[in-house]
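# An overview of the molecular structure
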Amino acid sequence: GSGKSTLLNLIGGLVTPTSGKVLIDGKDVFAMKDRELTIFRRRNIGFIFQAFNLIPELTVEQNILFPVLLDYQKPDRAYLEELLTVLNLKDRRKHLPSQLSGGQQQRVAIGRALMTRPSLILADEPTGNLDSASSKEILQILKDLHSGGRTVILITHDDKIAEQAYRIIRILDGKIESDRKNDKILESREEIK
């Protein structure tokens, strides 16, 4: 109700703004023609939704490969194997989504989002439908992605999850209520160096 998902959909080029611009890597997303925007989104933005949005008739492997095949690209099989390993899905690669737990389905959704190696990951309540153990796994994967150089924007209602971020923007009734760097996270990062 506060506009968090709408903001994420605007950033991802899924919803057209009524005013203003959305710039990603210096490119005005909505100045692009529809086909150009679709290709830009597919190649540069990875979406992770709360509802997983997996294709029920496709296996784990096929769901992960889907965005690459949709883009008429040759899949990088070595990278697929790396994703299946990192996401702990190698033994589930031939399973259908209905044969997986919620945490496994979310890991497939993350694999699908990463298969095109996007620089921007947009995650809308990615742990909302998961138990606490699966939530921890998913959050660690997202932290590792960020540490590896990817931008991760995550929407959550959970303050415990928000407090694990480097920057926290709170939205209330469609407006930014606060925008701050998380000093605790930044300080612990400095200690590691």
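In this text, all values refer to a predicted model and were calculated from it rather than measured experimentally.

Moving on: the layout of surface pockets. Space inside the largest pocket adds up to approximately 1000 Å³. Lining the largest pocket are 30 residues; nearest its centre among them are Ile153, Leu154, Ala165, Arg167 and Ile169. Secondary-structure elements contributing two or more residues to the lining of the largest pocket are helix H1 (4-11), helix H6 (132-147), strand E5 (151-155), helix H7 (159-162), strand E6 (167-172), strand E7 (175-181) and helix H8 (183-192). Here the lining of the largest pocket is built from residues that sort into 18 nonpolar, 5 polar and 7 charged.

In this section: the side chain of serine 135. One can find serine 135 in helix H6. For serine 135, a relative accessible area of 12% gives the class buried. Non-local contacts of serine 135, meaning those with residues more than four positions away in its chain, are made with Thr127 and Leu130.

Examined bridge by bridge, E6 and E7 share 6 bridges and lie antiparallel to one another. Opposite arginine 167, over in E7, you have lysine 181 as the bridge partner. Taken together, E6 and the strand that follows it, E7, pair antiparallel across an intervening segment of 2 residues, in which aspartate 173 is found at a positive phi of about 50°.

About the criteria used
- Residues numbered from 1 in each chain as written.
- Predicted model: local features only at pLDDT ≥ 70, side-chain atom pairs only at ≥ 80, totals over all residues.
- Heavy atoms only, no water.
- 1 Å grid on protein atoms, 1.4 Å probe; cavity = no way out; pocket = protein on both sides within 12 Å on 5 of 7 lines; lining within 4 Å.
- Points joined across faces, edges and corners; volume = space filled by probe spheres on them.
- Helix = DSSP H or I, 4+ residues; strand = E, 2+ residues; numbered from the N terminus.
- Nonpolar A, V, L, I, M, F, W, Y, C, P; charged D, E, K, R; others polar.
- Buried < 20%, exposed > 50% of the residue type's maximum accessible area, 1.4 Å probe, protein only.
- Contact = heavy atoms within 4.5 Å.
- Pairing = 2+ DSSP bridges.

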